[in-house]
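Residues per chain, in single letters:
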Amino acid sequence: MKILTLEANTATIVEGTAIKAIKGNFSQKLALTKKRIDKLNAYRIERAMNANNQNFVHVFSLLPLLIHLNHPSLPAYVESAPQGIWHFKLSDYQKNSLMSYSFHEAISDHHLKNQTYFDALYCMGSTGSITQTSLSDLDLWLCYSNKLTIEQYKLMELKITKLQEWAKTFDVDINIFLMNPEQFKTQTYSSGVTDEHSGSAQHFFLLDEFYRSAILLAGKRLLWLHLHKDEYQTAHNNPEIDLTEWVDFGDFSSLSTSEFFGASLWQLYKGIDNPYKSAIKILLLECYAHTYPKTKLISKEFKKKILSDDGVEYHFDPYLAMLELVTEHLITRKEWVKLDRLRVCFYAKAIEGEIRKNWRTEALQSLVEQWSWNAAQTTLLQNRPNWKIKQVMNHENMLIDHLLQSYRNLIHFARKFHLNPSIMTNDTDILMRRLYSVFETLPGKVPLINPKISSNVAENAVTFIEVKSGSSIQPGWYLVNQAPKSQYDSNLRYVHYNKSPVKLIAWGFFNGIINANTHLHTASNNLNTQKLRQFITDLRLTFPIQAPEMTQEDMHHPNKIRNLAIAINLVQDPTETITDLPKKVCQSDLFNFGKMQKTLVGSVSIIYRNVWNEIRTQHFDGEDAILKALKLVSNRIYQSAASPNSVNIFCYSKYLRSDLREFVADLVHKCITIQTGCLLHANELRHLKIAGKTWQVIFRKQTVGIKQIEEQAVENRENFANLTSDIAKEKNVFPQKISEFASEGFLQFFFEDNQDGSFNVYIVNEKNSVESYYNCSGTKEEKIRKINKLQHQKRLQTDTEISFSSFNHPQFYQLISTNGELSIVPFQSRQHLDYLAEQESKC
């Protein structure tokens with residue numbers, strides 16, 4: 001009798017005796033369940049192999065061996081690193097590979113007796129599914145018990161890094177996570193949020209994904225997947241189950257609603273690099289939320305069918321299971337736009353990378369027929385790598401709207417049920433800062449188009465058109481993706497508009513629309529084509545085309561300037577009107593030229609990339625342009641911080657180009673060195689005379705203003721006093737380290753411990769004004785919970801529709817003193833917890 005028929009287009013069938021025929025014999029039922037799951041596991045592996053190239057097959061096949069056997073003859077060797085997977089057996093492919101590495105020792109004799117450190121190796125996610133492509137990475141859980149010492153754990157982290165580097169030589173991306181089942185069940189997180197690790201952002205949702213998609217590559221089976229609920233709950237009392245032969249990451253008991261906030265944040269975060277996958281998963285979260293409390297987790301439904309007494313036809317594919325569940329949900333709710341977006345994202349995810357004709361292409365064609373798509377729809381998505389800017393922008397707008405709409409719905413769900421997020425504050429900080437850097441819309445910030453949609457959007461020709469006031473169309477600057485037909489053709493369809501010429505140019509350059517082969521044109525009386533070409537060349541020399549990869553350290557610190565470019569007289573050039581140029585011009589005359597004492601700086605354009613990889617711009621015109629530019633640069637340089645990696649001043653004047661460039665460069669250098677405290681004192685730059693007027697330049701440290709404090713994001717002084725309780729006094733004094741660390745645009749809380757067990761709180765608002773509270777009682781965790789609740793209430797009162805692009809979640813930090821030096825770390829981060837452990841050991 002057929003027990004489980006796998007997805008169509010295959011002849012693989014799990015056969016055997018029906019479970020219901022085995023009455024009361026637990027061992028026989030368990031043996032049959034093992035056979036079913038083993039057969040399904042083997043089939044998933046077969047599909048993963050068949051859907052990919054030989055490089056993937058090689059890495060996928062050898063990973064279990066390289067973890068089981070740590071030997072100098074093999075790749076990724078690390079001396080003394082833990083090795084050995086429970087009951088490991090060599091495959092034929094692994095045996096042949098050992099011979100190719102000139103490895104002649106018998107594994108059974110290679111010190112592996114009593115050295116089995118790892119319980120199992122599983123891969124999870126899209127592997128073996130319809131959405132696994134040549135661009136898909138390989139996520140693996142390396143399960144271990146409590147045998148690893150701290151030193152062994154560090155050695156294994158080093159080995160994992162080497163394994164990732166080895167796989168990369170075959171163009172395969174792998175992520176290996178060291179997973180301890182006992183720590184996982186108690187939600188003890190060994191890692192915070194990273195590019196691949198969700199930290200405390202999700203637990204049960206991660207487990208749901210793992211259980212529905214896990215493929216055993218070596219070692220012990222999963223206990224939860226093999227037992228009915230009552231059998232699982234009594235497994236520790238069942239003499240027929242040897243728990244040492246199983247891996248157990250725990251049960252769901254009930255869906256943890258407190259995870260919706262962290263999980264939705266995590267999907268937005270992952271959507272930066274994997275928009276299609278995240279678009280599908282965040283809809284799954286929405287589906288789970290809408291059906292709460294009767295939520296049917298996919299993993300539970302999958303397990304129910306695996307353990308069914310009757311033979312069932314059921315596809316194992318976890319991504320098809322997501323598609324089916326969300327489709328049914330959206331049809332029930334008649335959300336046709338979301339359904340269309342779901343299908344577009346699913347198809348786009350499934351065709352990424354190299355397209356090889358295999359079972360995946362046939363299954364996708366079957367889906368397309370079910371959706372009644374025509375050839376034009378599939379052809380359009382298949383041609384995505386060749387899309388140009390207009391198509392890419394429309395598509396990205398759809399993706400962002402989809403992600404942020406779902407995020408908003410999930411936040412509404414969390415507030416409806418008055419849920420306290422389970423995500424740790426330091427993980428929230430990292431996610432919020434990254435989302436802020438990508439999604440927040442700010443004046444002067446250049447929106448960057450996701451390169452994952454199309455890798456090449458360069459145009460053959462572009463034209464920058466300036467429209468003056470008084471025209472029938474909006475004044476400002478327009479980018480047209482073709483050579484000009486006429487100077488002001490209002491019928492031309494423009495690609496992008498901005499009031500600022502420098503922001504529009506930066507948008508075209510940093511999004512790859514303009515490259516070295518693009519023919520540039522202008523239709524402007526103020527910016528000619530020659531200047532534009534030179535400016536683009538200068539930008540190319542100043543900014544790396546590929547943005548530097550951000551580190552966790554970057555996200556922990558303010559978004560300080562990394563690369564800075566300043567363009568003098570790009571758009572307005574007063575030197576063009578000079579008729580009698582002196583043989584020698586003093587620097588002081590450059591800002592006070594001739595009898596009219598006219599400044600020769602007509603416009604200043606600023607572009608910089610900060611450490612969060614945001615591109616910011618500013619453009620100033622008029623007599624005070626240089627003053628405004630110096631002020632902006634100075635305020636973007638954090639006190640006592642490192643100077644920018646690069647500072648470049650460019651000048652595009654008709655006359656006195658080098659003189660103006662050198663003078664402005666000197667002023668900028670003085671401002672930066674004064675702010676960073678490197679060499680100069682503030683009195684090195686005290687006065688500037690511009691256009692006959694003398695200006696005083698004042699550099700001062702942050703000060704506290706009571707009137708500003710009353711306008712901060714915390715409700716008001718009385719509310720915060722209630723939160724902190726027992727405030728002894730307020731002072732306008734705070735550690736200087738805070739002013740160096742604070743990030744403009746965020747509400748930040750800094751805790752400082754006192755010897756009597758109380759603590760101080762310094763609040764820095766979005767404008768970097770500071771308020772201090774001393775000798776607070778109670779626990780910090782309780783204060784944080786109340787602060788977050790207060791913030792949510794305020795947003796509900798002021799925003800009936802939550803802002804899609806607001807990620808200014810309160811951020812919390814701890815001041816610690818190590819070896820007499822004060823430093824700031826995220827609250828409850830690894831650095832903070834290590835510091836507390838060290839202090840406790842001293843006591």
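Residues numbered from 1 in each chain as written. Predicted model: local features only at pLDDT ≥ 70, side-chain atom pairs only at ≥ 80, totals over all residues. Heavy atoms only, no water.

- The chain is annotated in an unreviewed UniProt entry as Class I adenylate cyclase of Mannheimia bovis.

### Here's the deal with the sheet that holds strand β22 (residues 770–776)
- Pairing within the open sheet is mixed, and its five strands lie in the order β22-β21-β20-β23-β24. The open sheet has two free edges, formed respectively by β22 and β24 (821–826), since each of these has just one partner strand. Across the sheet, the mean angle separating the axes of adjacent strands is 25° when strand polarity is ignored.
- Pairing geometry for strand β23 (residues 811–818) and β24, over six bridges, is antiparallel. In the sheet register, Gln814 faces β24, and the bridge partner there is Val825. (Pairing = 2+ DSSP bridges. Helix = DSSP H or I, 4+ residues; strand = E, 2+ residues; numbered from the N terminus. Axes fitted to C-alpha atoms, helices over the stretch in contact; angles between N-to-C directions.)

### Section: the nonpolar core
- Core analysis: the biggest nonpolar cluster contains 132 residues, and Trp141, Phe210 and Phe249 have the highest contact counts within it.
- Sort the elements by how many residues they give to this core and helix α16 (residues 389–416) lands first, with 11 residues.
- Looking at this core, you find at least three residues from each of domain 1 (28–395) and domain 2 (552–713).
- The residues contacting Phe249, other than those within four sequence positions of it, are Trp141, Cys143, Met179, Asn180, Pro181, Phe184, Lys185, Leu207, Phe210, Tyr211 and Leu222. (Core = buried A, V, L, I, M, F, W, Y, C linked by side-chain atoms within 4.5 Å. Buried < 20%, exposed > 50% of the residue type's maximum accessible area, 1.4 Å probe, protein only. Domains from an automatic or database assignment. Contact = heavy atoms within 4.5 Å.)

### Some thoughts on the pattern of salt bridges
- A full pass over the atoms with the stated rule returns 18 salt bridges.
- For Arg221, the salt bridge is made with Asp38, and the minimal N-O distance between the two is 2.6 Å. In this pair, Arg221 is assigned in strand β7 (residues 221–222) and Asp38 in helix α1 (residues 26–50), connecting sequence segments 183 residues apart. (Salt bridge = Lys/Arg side-chain N within 4 Å of Asp/Glu carboxyl O.)

### What to know about the packing of aromatic side chains
- Under the counting rule described, the total for this entry stands at 29 aromatic pairs.
- Here the aromatic cluster, defined as three or more aromatic residues joined through ring pairs, consists of Tyr122, Trp141, Phe184, Phe204, Phe210, Tyr211, Trp224, Phe249 and Phe252.
- Residue placement shows Lys303 over the ring face of Trp224; its charged tip is 4.1 Å from the ring centre. (Phe/Tyr/Trp six-rings, centres within 6.5 Å; stacked < 30°, edge-to-face > 60°. Lys NZ or Arg CZ within 6 Å of the ring centre and 35° of its normal.)

### Topic: unusual backbone geometry
- The step from Tyr292 to Pro293 runs through a cis peptide bond, and the omega angle for that step is 10°.
- Its place among the elements puts Pro293 in the loop between α10 (275–290) and α11 (298–306).
- For His87, which is not a glycine, the phi torsion comes out positive at approximately 50°.
- Residue classification places His87 among the exposed residues on the basis of a relative accessible area of 58%.
- Residue Ser372 is not a glycine yet carries a positive backbone phi of 60°.

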